[in-house]
Amino acid sequence: MKTAIVTGSGGLVGHETARFYLAQGWHVVGVDNDMRARFFGPEASTRRQWERLTSEFRAYRHVETDIRDAPAIHRLFEEYGEDIELVVHTAAQPSHDWAAGDPTTDFTVNAQGTLVMLEATRRFAPKAVFIFTSTNKVYGDTPNRLPLIEQETRWELDPRHPYAADGIDETMSIDQTTHSLFGVSKTAADLLVQEYGRYFGLATGVFRGGCLTGPGHAGAPQHGFLSYLMKCAVTGREYIVYGYKGKQVRDNIHSADLVAAFEAFRRAPRPGEVYNMGGSRFSHCSMREAIALCERITGRPMKTSYTDQNRVGDHIWWVSNVNKFRSHYPEWQLRYDVPSILVEIYHALTCA
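Here we summarise the structure given alongside this text. All of these numbers come straight from a predicted model, not from anything done at the bench. (Residues numbered from 1 in each chain as written. Predicted model: local features only at pLDDT ≥ 70, side-chain atom pairs only at ≥ 80, totals over all residues. Heavy atoms only, no water.)

**Here we look at the overall build of the chain**
Then, number 1: Secondary structure assignment for the chain yields 12 helices and 14 strands.
Then, number 2: Taken against the 2.2 N^0.38 rule, which gives 20 Å for 352 residues, the C-alpha radius of gyration of the chain at 19 Å falls within 12% of a compact globule.
Then, number 3: Dimensions of the chain, computed from the C-alpha atoms along their principal axes, are close to 55 × 45 × 40 Å.
Then, number 4: For the chain, the residues scored as buried account for 59% of the 352 residues in total.
Then, number 5: Across the chain, every contact between residues at least 6 apart in sequence was considered, and the portion connecting residues at least 24 apart equals 82%.
Then, number 6: Looking at the chain as shown, the accessible area adds up to about 14,200 Å², and 50% of this sits on carbon and sulfur atoms.
Then, number 7: For the chain, the distance from the average site of its 38 positive side-chain charges to the average site of its 41 negative ones is 2 Å. (Helix = DSSP H or I, 4+ residues; strand = E, 2+ residues; numbered from the N terminus. Rg over C-alpha atoms; globule rule 2.2 N^0.38 Å. Buried < 20%, exposed > 50% of the residue type's maximum accessible area, 1.4 Å probe, protein only. Contact = heavy atoms within 4.5 Å. Areas by Shrake-Rupley, 256 points an atom, 1.4 Å probe, with all protein chains shown as cover. Lys, Arg positive; Asp, Glu negative; His and termini not counted. Charge placed at Lys NZ, Arg CZ, Asp CG, Glu CD.)

So, in structure tokens, the structure goes:
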């Protein structure tokens, strides 16, 4: 039976990926040890998600192990061997702020864990497609040097700039920039995945995500922008805005749209390729605009506060240019914009 290994299978993207391939008749092995609860507390636990997969799908097997544990991961890959046709590696430590408090754990999870997964694939399933969820933080704070214009509710790129129409593409440099420690660990992993494609010929693909989101996100103060924002809107919890007058801009991609991109790549992989992947101009908003949308959807004002101190390495303006991916996979299209995503998150929170 066709087998997919999905790390972080209880998280937003991993869970969406597992469900997609289970619905397609695949056998899915999920690897997740709920480190998100360690990172962000019990509210961010992924355990319920993988327990749901286990109860709903006979073709789902869960392995509760650490991706840094090379002997355990190698035993798992050896068990399935060349039945493994796909590896989707989403497990990570995903927060700037958390990484600064424990750089060793951040780097070993993000960089060493990725190396363990790549080596297991190379040794036991060399024909498998390997998909890695990277991040736009590999570009560090270079986007903050772009010529930005302050508008009423957002910062916007000077319309004369080449990135203005479609967003930031993959030609932006990853050097001479402040990445944050999280950005450094993910950059190391990103380069490893590229190199295993180019040097060893593995069918690897790197997806540098903007804000990844959806109703399955266990949003927390340090990670999960739209999910945590709507959680605060629903519960009345205070939401803190960090810097840039609350006018910082993000594109947001629904996890289902991202998984559809994974599937397009799986069907026709391009080894070592890198894609900026986000909501693009189709699905983006500023912090102020997102707060206003949450208030409109919930029908009540949010409790917010503001601090001038932005997060280290945080972007003032980010919109992903997805034209390269579209040119390679023209059948792929974005389906969810920010308002529809927020409505889904609202219903998931209020109907749970």
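**Here's the deal with the packing of helix α8 (residues 225-235) against helix α10 (residues 287-298)**
Then, number 1: At a minimum axis separation of 10 Å, α8 and α10 run at an interaxial angle of 45°. One finds that α8 runs oblique with respect to α10. The chirality of how α8 crosses α10 is right-handed. Of the residues in α10, those touching α8 at F225, L226, L229, M230, A233 and V234 are M287, A290, I291, C294, I297 and T298.
Then, number 2: Here the residues of the contact of α8 with α10 are counted per class, giving 11 nonpolar, 1 polar and no charged. (Axes fitted to C-alpha atoms, helices over the stretch in contact; angles between N-to-C directions. Parallel < 35°, antiparallel > 145°, perpendicular 65-115°, else oblique. Left-handed = near helix turned anticlockwise from the far one by under 90°. Nonpolar A, V, L, I, M, F, W, Y, C, P; charged D, E, K, R; others polar.)

**Comments concerning helix α7 (residues 181-198)**
Then, number 1: Taking 1.5 Å per residue, 18 residues should reach 26 Å; α7 reaches 26 Å between its end C-alpha atoms and fits that length.
Then, number 2: Residues F182, G183, S185, K186, T187, A189, D190, V193, Q194, Y196 and G197 constitute the buried set of α7. (Expected span 1.5 Å × (residues − 1).)

**A closer look at the packing of helix α6 (residues 103-124) against α7**
Then, number 1: For the pair α6 and α7, the least separation of the axes is 8 Å and the interaxial angle reads 10°. Considering the angle they form, α6 stands roughly parallel to α7. Residues P103, D106, F107, N110, A111, T114, L115, L118, E119 and R122 of α6 form the contact with α7, whose own contacting residues are L181, F182, V184, S185, K186, A188, A189, L192, V193 and Y196.
Then, number 2: Of the residues that constitute the contact of α6 with α7, the class distribution is 13 nonpolar, 3 polar and 4 charged.

Interpretation in functional terms is not warranted from these geometric data alone.
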